[in-house]
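Secondary and tertiary structure notes
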Amino acid sequence: MSTSGGVAGLLTQEAAPGGSVTYTLTIPSTAAGTHAYYSGTQGDLQVEMGLYGAIIVIPSAIPGACTSGNHATNLTAQGHWNEANYRLAAAAYNHPEACYDREYLFQFSEMDPRIHRQAEEQSTRSCTGCMTVATEPYVPAYFMINGRSMPDLMDPNYAPEYPHQPYNGNPHMHPGELVLLRVIGTGRWQHPFHEHGNHVRVLARDGNLILSATDPNSLAGPLLFTTTTTPGLTLDGIYYWSGKGLNWDPYGHNAASGSTLPCNPDANGYNTGAPTAINYFEWCQDHNKPLQTHPFGDVAGGGPATLPDPNILANGAWFGGSPYLGPDATVRAVGNTGTTPPSGTVANAPDSEAGFAFMWHSHNEREITTNNIFPGGMLMMMLVDSREFVIDESN
Ligand SMILES: [Cu+2]
């Protein structure tokens, strides 16, 4: 890295108050991955004030495995449903086990309001270097991912009320997709990020692929229950969810009423030969296995569970009225009532989106509050949507 302008500081050239300094980076082709950057000037205060960000480097070469097989079929499915592809590349690293289909960034930070109040009170001083804000003891009350807390996290990107936090935390995926998580710890505290629904396979830390000591061609990153963020450190990991092992058909398919949705297992047991089907990537062993004893709508009966009638149940904002994936399955399960609660909510309306919601949150439970009020802080929902729901990552 080279610098121009500024004045010499402890760690690097610094911008004088009101001035500027330019850093020029030449990224080597071996530096693919997720990297953190943050202020090197009075870092205890300036990182707290938000002077940090992410640098994503995409690999200079993409392995063939990432553009063939299920990854190519997935693109066919995206094209069929007119879904845009927002990933930066087909692989996080030039390694055949680093392929992915979808990606999200999660940058963790905290704020201590006393520090911000003191800095604000001193910000009108015109003298140079006179801001003296005690950054200890550190008592954060705001816990944020990408600069937002729950529920703001799940509002759209570039929502007008968050002009300085344009990127949300609102992950979505389809069953079977490999989702790349780019996780960065930026504040001062560690945060145990718990991704419900499945473990996360760690690919790399600070852009360094974790390789086996005995076989450098294989990845050796752990499969983690919580991907703990560490201040200044980045982590890349792969998450997926397929519905395998549920022991019931989450698509609510009813062969008895004439539906002919097929499920043809590939070598791994998934329905991947039909990229345009709504049950693309269904785990075929559970195909046609009913869940409900007495279904309310048009799904198959005879299953082990008796579920409440969604027409007399207050569902709340996060239950689409049925335990099935996808708007089509919901209509089959509850009937086309048009008024099934919670119709009209933007969160998860049963006649449009109906996904499985998995809480992704800090496992330090105080950090899922904002100023000690629950729910808040580092909390969001990963929504697994069936294939026909078009995931729009532009918002
Ligand atoms: Cu949890």
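What you see is a predicted model, and the numbers here were worked out from it, not measured in a lab.

Rules behind the numbers
By convention here, each chain's residues receive numbers from 1 onward along its written sequence. Residues qualify for local features only when their pLDDT is at least 70, as the model is predicted, and side-chain atom pairs are given and counted only at 80 or more; totals for whole chains, interfaces and linings, by contrast, use all residues. Secondary structure follows DSSP: runs of H or I at least 4 residues long count as helices, runs of E at least 2 residues long count as strands, and numbering of each begins at the N terminus. Between the two quantities, the radius of gyration covers C-alpha atoms and the globule rule is 2.2 Å times the number of residues to the power 0.38. Any residue with 12 or fewer other C-beta atoms within 10 Å of its own C-beta is exposed, any with 20 or more is buried, and the rest are partly exposed; the C-beta atoms used are placed from the backbone. Contact between residues is assigned whenever the C-beta positions, reconstructed from backbone atoms, fall within 7 Å. pLDDT: the predictor's confidence for each residue, scored from 0 to 100. Buried Ala, Val, Leu, Ile, Met, Phe, Trp, Tyr and Cys residues whose C-beta atoms connect them within 7 Å together make up a nonpolar core. Helix span is expected to be 1.5 Å times the residue number reduced by one. Directions are taken from the helix axis to each C-beta atom, and the arc is the one they span. By the convention used here, strands pair only if DSSP detects at least 2 bridges between them.

**What about the overall build of the protein chain?**
From N to C terminus, the protein chain includes 4 helices and 18 strands. Against the 2.2 N^0.38 benchmark of 21 Å for 395 residues, the protein chain shows a C-alpha radius of gyration of 24 Å, consistent with a compact globule. The C-alpha extent of the protein chain, read off along each of the three principal axes, is 80 × 50 × 35 Å. Buried residues in the protein chain amount to 38% of all 395 residues. Taking the contacts inside the protein chain whose residues are at least 6 apart along the sequence as the reference set, 65% of them involve residues at least 24 apart.

**Considerations on the confidence of the model for the protein chain**
Confidence in the prediction for the protein chain averages 89 pLDDT; 91% of positions are at 70 or higher. Segment residues 339-346 is flagged for pLDDT under 50; beyond a separation of four residues in sequence, or across chains, it makes 17 contacts in the model.

**Topic: the nonpolar core**
One finds Val179 and Ile238 to be the most contacted residues of the largest nonpolar core, which totals 55 residues. What Ile238 contacts, discounting residues up to four positions off in sequence, is Tyr100, Leu178, Val179, Leu180, Val200, Arg201 and Leu203.

**Digging into helix H2 (residues 69-80)**
An α-helix turns once per 3.6 residues; consequently, residues spaced three or four apart project the same way. Across its 12 residues, H2 extends 17 Å between first and last C-alpha, which sits within 8% of the 16 Å expected from 1.5 Å per residue. Those residues of H2 that fall on the buried side of the exposure criterion are Asn70, Asn74, Ala77 and Gln78. Angular distribution of buried residues about the axis of H2 spans 100 degrees; they occupy a single face of the element. In H2, the exposed residues that point more than 90 degrees away from the buried face are Ala72 and Thr76. Following H2 by one or two positions, Asn82 adopts a phi angle in the positive range, close to 55 degrees.

**Comments concerning the pairing of strand E15 (residues 226-229)**
With burial as the criterion, only one face of E15 is covered, namely that bearing Thr227 and Thr229; the residues Thr226 and Thr228 on the opposite face remain uncovered. Bridge count for strand E11 (residues 191-195) against E15 is 4 bridges, and the pairing is antiparallel. Its bridge partner being in E15, Pro192 is matched across the sheet by Thr228.

**What about the pairing of strand E12 (residues 200-205)?**
Where E12 and strand E14 (residues 223-224) come together, 2 bridges link them in antiparallel fashion. Opposite Arg201, over in E14, you have Leu223 as the bridge partner. In the sheet, E12 pairs with strand E16 (residues 234-239) via 4 bridges, with the strands oriented antiparallel. Note that in E16 the partner of Ala204 across the bridge is Asp236. Of the pairings in the sheet, the one linking E12 to strand E13 (residues 208-209) comprises 2 bridges and is antiparallel in character.

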